[in-house]
Amino acid sequence: MTLDGPRGTQRLYVQGAFTELDGRPAVNVRLEEQPGVLVVRGTGQALEHGAEVEVLAGTIIDPGDQVATGELRDPLGGTSRPTRHVT
């Protein structure tokens, strides 16, 4: 997957299961070499190709500040729905 945003196109590597963060679909990722959390920006949206997303520093368990925003590009064009909830 890639993130098309103000900093150009950046590679995203999914690391773990899809879940939710504050009621929004999310997944741990690596943005280039930085660990982070990929999450959709709006509520009620799916984490799918074309979605407006943000990357937060940290992990789903301990998310930090926003480090990137943009449009998600998934070469498979699929939808990723949460499979479990983190409490």
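Our structure is the block above this text.
All of these numbers come straight from a predicted model, not from anything done at the bench.

Draft legend 1. The environment of V67, seen in detail. Tracing the backbone through its elements, the reader meets V67 in strand β8 (residues 63–73). A relative accessible area of 18% places V67 in the buried class. It is 7.6 Å that separates the C-alpha atoms of V67 and E54, two residues lying 13 residues apart in sequence. Discounting residues that sit within four places of it in the chain, V67 has contacts with R7, L31, Q34, V55, L56 and A57.

Draft legend 2. Inspection of the pairing of strand β1 (residues 2–5) at higher detail. Here β1 runs beside strand β2 (residues 8–14); their pairing, made up of 4 bridges, is antiparallel. Across the sheet, the residue bridging to L3 is Q10, located in β2. Linkage of β1 to β2, two consecutive antiparallel strands, is achieved through a turn of 2 residues. One ladder, built from 3 bridges, connects β1 with β8; its direction is antiparallel. Residue pairing in the sheet places D4 in a bridge with E71 of β8.

Draft legend 3. Local environment of the pattern of salt bridges. Throughout the structure, instances matching the rule amount to 3 salt bridges. Across the salt bridge formed by E54 and R24, the nearest N and O atoms sit 3.2 Å from each other. Of this pair, E54 sits in strand β7 (residues 52–58) while R24 sits in strand β4 (residues 24–31), placing them 30 residues apart in sequence. Exposure class is identical for E54 and R24. Each is buried. With a shortest N-O distance of 2.7 Å, R73 and E71 are connected by a salt bridge. Looking at R73, the relative accessible area reads 28%, which means it is partly exposed.

Draft legend 4. Seen up close, the nonpolar core. Core analysis: the biggest nonpolar cluster contains 15 residues, and L3, L12, L31, L38, L47, V53 and V55 have the highest contact counts within it. Mapped onto this core, the elements with two or more residues apiece are β4, β5 (34–40), β7 and β8. Leave out the neighbours within four places in its chain, and V53 touches L3, L38, V39, V40, R41, L47, T69, G70 and L72. Counting 6 residues, the second-largest nonpolar core is a separate cluster that includes L21, A26, V37 and V39.

Conventions we followed
- Throughout, residues of each chain are indexed from 1 in the direction in which the sequence is written.
- In keeping with the model being predicted, local features are shown solely for residues with a pLDDT of at least 70 and side-chain atom pairs are shown and tallied solely at 80 or more, while totals for entire chains, interfaces and linings include all residues.
- No hydrogens and no water enter the side-chain calculation; it runs on all heavy atoms of the structure.
- The numbering of helices and of strands both runs from the N terminus, where a helix is a DSSP run of H or I of at least 4 residues and a strand a run of E of at least 2.
- Only protein chains enter the area calculation, which uses a 1.4 Å probe; residues under 20% of their type maximum are buried, those over 50% are exposed, and those in between are partly exposed.
- Two residues form a contact once any of their heavy atoms are found within 4.5 Å.
- Note on pairing: DSSP must find at least two bridges between two strands before they are called paired.
- Any Lys or Arg side-chain nitrogen found within 4 Å of a carboxyl oxygen on Asp or Glu counts as a salt bridge.
- Among the buried residues, those of types Ala, Val, Leu, Ile, Met, Phe, Trp, Tyr and Cys that are joined through side-chain atoms within 4.5 Å form a nonpolar core.

Purely geometric stuff here, so don't read any function into it on its own.
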